[in-house]
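Observations on the three-dimensional arrangement
Take a look at the letters that make up each chain.
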Amino acid sequence: MSQAAIRRIAYTPGEPAGIGADLILALADAPQDIELVVVADPALLEARAAMLGLSVAIEIFAPGSPIRVPDPGVLRVQPVALARPAQAGRLDPANAEYVLETLRQAIDGCLQGEFHAMVTGPVHKGVINEAGVRFTGHTEFLAERTGGDPVMVLATDGLRVALATTHLPLRGVPDAITPVTLERVLRVLDGDLRRRFGLAEPRILVCGLNPHAGEGGHLGWEEIEVIEPTLERLRGEGLQLEGPLPADTLFTPPNLARADAVLAMYHDQGLTVLKHKGFGRAVNITLGLPIIRTSVDHGTALDLAGGGKAATGSLMTALDTALRMTR
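The present account deals with the structure reproduced in this document.

Rules used in this analysis
- Residues numbered from 1 in each chain as written.
- Predicted model: local features only at pLDDT ≥ 70, side-chain atom pairs only at ≥ 80, totals over all residues.
- Heavy atoms only, no water.
- Helix = DSSP H or I, 4+ residues; strand = E, 2+ residues; numbered from the N terminus.
- Buried < 20%, exposed > 50% of the residue type's maximum accessible area, 1.4 Å probe, protein only.
- Contact = heavy atoms within 4.5 Å.
- Areas by Shrake-Rupley, 256 points an atom, 1.4 Å probe, with all protein chains shown as cover.
- Lys, Arg positive; Asp, Glu negative; His and termini not counted.
- Charge placed at Lys NZ, Arg CZ, Asp CG, Glu CD.
- Core = buried A, V, L, I, M, F, W, Y, C linked by side-chain atoms within 4.5 Å.
- Pairing = 2+ DSSP bridges.
- Axes fitted to C-alpha atoms, helices over the stretch in contact; angles between N-to-C directions.
- Phe/Tyr/Trp six-rings, centres within 6.5 Å; stacked < 30°, edge-to-face > 60°.
- Lys NZ or Arg CZ within 6 Å of the ring centre and 35° of its normal.
- Parallel < 35°, antiparallel > 145°, perpendicular 65-115°, else oblique.
- Left-handed = near helix turned anticlockwise from the far one by under 90°.
- Polar contact = N/O pair within 3.5 Å; in protein donor to acceptor, adjacent residues only side chain to side chain.

1. Topic: the overall build of the protein chain
Regarding its fold elements, the protein chain presents twelve helices and twelve strands. Taken along the three principal axes of its C-alpha coordinates, the protein chain extends 60 × 45 × 35 Å. Taken across its 327 residues, the protein chain has 53% of its residues classed as buried. Restricting the contact set of the protein chain to residue pairs at least 6 apart, pairs at least 24 apart contribute 74%. Accessible surface, the protein chain as shown: approximately 14000 Å² in total, 53% of it carbon and sulfur. Distance between charge centres in the protein chain, computed from 29 positive and 38 negative side chains, equals 3 Å.

Here is the structure:
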């Protein structure tokens, strides 16, 4: 493969006590048509490899060096030091800043053109907040760092689900769904389905917020007052939008067969179905950014860290999706 065809992708393992390090170590021998750079503490990777009984060589990444796929069994690492040595399965707020610094370096590398994309392992939001740092998730952190306009999408075979709202308490969702917010999300989703996925006229099915999509106002007015007028205005500009549709029947095979993506109004409305269909084979994608970012579809799995039982399917999907989005 020519050097021009190879993509350099940054990977951040996330919470050092979780399975993010296990996942990338398990893939060190897997053939890839990418140069993967792990942004992490080399000591963490070496210690976790010893726990897992894996023979993995660490090679320090030199920024600005020519793109080159590492040899099997070699991990190229951009070093970031832990505040304290991490123990598998045991959270430590002292390492919260380390997690954020790995993200900063990967994001900045993408913005500067060092990396073509970044793939993230799972973080533990709670322990970062316990350390005194307000953190609601990767999506929001990426937006703050890049100045982008993020839309969270999870995808698996045959289904893409975008979210109108992300990490909000359920009681806050109706107030967050405004004409301005909904229009922004739909424009980003439509635009990046065209730009990143090559769809000429993406077809998007839009969920209602309330049961039965409000049932004509008897179960809520958001569909009548906010969602439908916004969809109608954007349809007038040529966007292929259908809805608002009752969420309990939208996610059926006949409906999904005619859709390129679904827009859910809140986190669990869409992601419960997505993860039922493809957990372990799904990918989290952040659209609306000046960079490409994908992630695994699962959490830190502290109980599995260091035990050799972490499944790599979602990470492989995230890497493959990032690669395809750069083409």
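2. Here's the deal with the nonpolar core
In terms of nonpolar packing, the biggest core is built from 84 residues, with Leu75, Met118, Leu186, Leu263, Met265 and Leu315 touching the most fellow members. Listed in part, the 17 residues of the second largest apolar core include Cys207, Leu250, Leu256 and Ala282.

3. Details of the sheet that holds strand β11 (residues 283-287)
Ordered in space as β3-β4-β2-β1-β5-β12-β11-β6-β7-β10-β8-β9, the twelve strands form an open sheet in which the pairing is mixed. Two strands lie at the open edges of the sheet, namely β3 (57-60) and β9 (240-245), each paired on one side alone. Strand-to-strand twist of the sheet, defined as the mean angle between neighbouring strand axes without regard to direction, takes the value 30°. Bridge count for strand β5 (residues 117-120) against strand β12 (residues 293-295) is three bridges, and the pairing is parallel. Across the sheet, the residue bridging to Val119 is Thr294, located in β12.

4. Thoughts on the packing of aromatic side chains
In the structure shown here, the tally under the stated rule is two aromatic pairs. Judged by centre distance (5.9 Å) and plane angle (55°), the rings of Phe135 and Phe141 are tilted. A relative accessible area of 14% places Phe141 in the buried class. We note Arg160 situated over the ring of Phe197; from NZ or CZ to the ring centre the distance is 4.9 Å.

5. Focus on the packing of helix α7 (residues 179-195) against helix α8 (residues 222-235)
Two numbers describe how α7 lies on α8: the axes approach to 10 Å, and their chain directions differ by 45°. As far as their axial angle goes, α8 and α7 are oblique. The handedness of the crossing between α7 and α8 comes out as right-handed. Residues Pro179, Leu182, Glu183, Leu186 and Arg187 of α7 touch α8, and the partners they reach there are Val226, Ile227, Thr230, Leu231, Arg233 and Leu234.

6. With respect to the side chain of Arg48
Positionally, Arg48 belongs in helix α2 (residues 42-52). Judged by relative accessible area, which is 2%, Arg48 ranks as buried. Looking at Arg48, its side chain comes within polar contact range of the main-chain oxygen of Pro16, at 2.7 Å. The contacts of Arg48, once residues within four sequence positions are left out, are Pro16, Ala17, Gly18, Ala21, Asp22, Leu25, Ala88, Ala305 and Gly306.

7. Looking at the pairing of strand β10 (residues 261-264)
Here β10 shows two buried faces, one formed by Ala261 and Leu263 and the other by Val262 and Ala264. Alignment of strand β7 (residues 159-163) against β10, held across three bridges, turns out to be parallel. Note that in β10 the partner of Ala162 across the bridge is Leu263. As paired elements, strand β8 (residues 203-207) and β10 share three bridges and run parallel to each other. Residue pairing for β10: Ile204 is matched across the bridge by Ala261.

8. With respect to unusual backbone geometry
Backbone torsion omega between Gly243 and Pro244 reads 0°, so that peptide bond is classified as cis. Among the structural elements, Pro244 can be located in strand β9. One non-glycine residue with positive phi stands out, namely His212, at about 55°. Mapped onto the secondary structure, His212 falls in the loop between β8 and α8. The class for His212 is partly exposed, based on a relative accessible area of 43%. Within the chain, Ala301 stands out as a residue other than glycine whose phi angle is a positive 45°.

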